[in-house]
Amino acid sequence: MNDTRILDAVKLMDSKLDRIISLLEHTPTTAAPTVSESPMLYDYLEQWLTEVKAPKIKPKSLAILRSGVDRYIKPVIPDKPIHTVRTSEMLHAIDGVPYSYMRQVVYSIFRAVFKRAYQYDVIADNPADKLDFVYHRRKKGRAITHDEQDAFVKALDDEPTRPLWLFYLLSGCRCQEALTLQWQDIDDVNGRIYIRGTKTPTSTRYIPLFPQLAALLSELPHDGETVFPYTLRQVRTTFDRLRRKCGVQFRIHDLRHTYATRCLESGIATKTVAKWLGHKRTATTVNNQYGHTIINNIIKAVIF
């Protein structure tokens, strides 16, 4: 009798085990999509650029992202189903970028695209999670000294683009902001100039039409819509030549720093200077070393 009960119990256990095995065999898995189901890498990248990034960022920033894809990712990683891309391929692409800024851009593209693909169940695992963070240290600008400024202005003698460089020194505009300036932006009645910001929404602003600026602009011919009819490439080429001529090593953007520092040296309030520069916070004006010349002068006064 006991043997019969034991046999029945064993049969029941076998039956339950068979049912469990059957259920496991038919349970859906979370395996990665097959090659036929997974989107191609560059189709997915293009969708991310046009649908996710383009509505949120400026065309210039979008162009930088596209440059990162076209110049540093496509030559290294062939187009293939996105779930087959490996971390080692991403590292190879990142390591091949010669500049730290663009290396960080390429790294950020991989992180954003594959995170999104993982979140939307396009891939089962995110290979970009294994990437180490790529650091990029921005070069801080500086204001050129009074002697360097004199040398630069002297180098502008007989220079056809002289008004442009003086405009940078007298307005604090960014390089592209001056090139987008139109004659209709000059408001002689109210004594101000409308600046189309090229960096952030808050960078669109008005700056005073100082007498020096008014005199400078009055000497220019009104031949077209824009005040300074030069391309960015022409400006950079001319600047490299002028920099060699005056013997001072600095960047075009440092003329903006110089303007801010000269304003602060003249006793103009930091809040006012920040407004003219298009900074949302005065801390940005100070932290970007616009006031480093004043600070250095204070230190020298205390020590010496």
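Sequence positions are assigned chain by chain, starting from 1 and proceeding in written order. Reporting of local features is limited, given that this is a predicted model, to residues whose pLDDT is at least 70; pairs of side-chain atoms are given and counted only at 80 or more, and all residues count toward the totals for whole chains, interfaces and linings. Based on all heavy atoms of the structure, the side-chain values leave hydrogens and waters out of the count.

Peer 1: Whenever I open this one, the pattern of salt bridges confuses me. Can you help?
Peer 2: Close approach of charged atoms lets side chains of opposite charge pair. Put simply, a salt bridge is a Lys or Arg side-chain nitrogen that is within 4 Å of an Asp or Glu carboxyl oxygen. Summed over the entire model, instances satisfying the criterion amount to 13 salt bridges. Of the charged contacts, one joins arginine 111 and aspartate 129 as a salt bridge, the two residues approaching to 3.4 Å between their closest N and O atoms. Placement of the pair is arginine 111 in helix α5 (residues 100–119) and aspartate 129 in the loop between α5 and α6 (146–155), with a sequence separation of 18 residues. A salt bridge links arginine 243 to aspartate 240, with the shortest nitrogen-to-oxygen separation between them at 3.1 Å. Of this pair, arginine 243 and aspartate 240 both sit in helix α10 (residues 232–246), separated by three residues, roughly a single helical turn. Type-normalised accessible area, obtained with a 1.4 Å probe on protein chains alone, sets the label of each residue: buried when under 20%, exposed when over 50%, and partly exposed for intermediate values. By relative accessible area, which is 31% here, aspartate 240 ends up partly exposed. Connected through shared salt-bridge partners, Arg174, Glu177 and Arg205 make up one network. The helix and strand labels rest on DSSP assignments: H or I over at least four residues marks a helix, E over at least two residues marks a strand, and numbering proceeds from the N terminus.

Peer 1: Just checking my understanding: could you explain the environment of threonine 238 for this structure?
Peer 2: Tracing the chain through its elements places threonine 238 in helix α10. Residue classification places threonine 238 among the buried positions, given a relative accessible area of 13%. For threonine 238 and glutamate 159, which are 79 residues apart along the polypeptide, the C-alpha to C-alpha distance reads 9.5 Å. Residues contacting threonine 238, with those up to four places away along its chain left out, are Glu159, Thr161 and Trp165. Two residues form a contact once any of their heavy atoms are found within 4.5 Å.

Peer 1: Sorry, what's going on with the packing of aromatic side chains here?
Peer 2: One pair of aromatic rings is described through two measures. These are the centre distance and the angle between the planes. Two rings from Phe, Tyr or Trp (for Trp, the six-membered ring) form a pair when their centres sit within 6.5 Å of each other. Planes less than 30 degrees apart are called stacked, planes more than 60 degrees apart edge-to-face, and all others tilted. Summed over the entire model, instances satisfying the criterion amount to eleven aromatic pairs. Taking 6.4 Å as the distance between ring centres and 55 degrees as the angle between the ring planes, the aromatic pair formed by phenylalanine 110 and phenylalanine 114 counts as tilted. Here the residue phenylalanine 110 and the residue phenylalanine 114 both occupy positions in helix α5, the gap between them amounting to four residues, near one helical turn. Phenylalanine 114 shares its class with phenylalanine 110; the two are buried.

Peer 1: Honestly, unusual backbone geometry in this entry has me stumped. Any pointers?
Peer 2: Backbone phi values are negative for most residues with the exception of glycine, while trans is the configuration of most peptide bonds. Of note in this structure, aspartate 121 is not a glycine but carries a positive phi near 60 degrees. Relative to the elements of secondary structure, aspartate 121 occurs in the loop between α5 and α6.

Everything listed here is a matter of geometry and, on its own, says nothing about what the molecule does.
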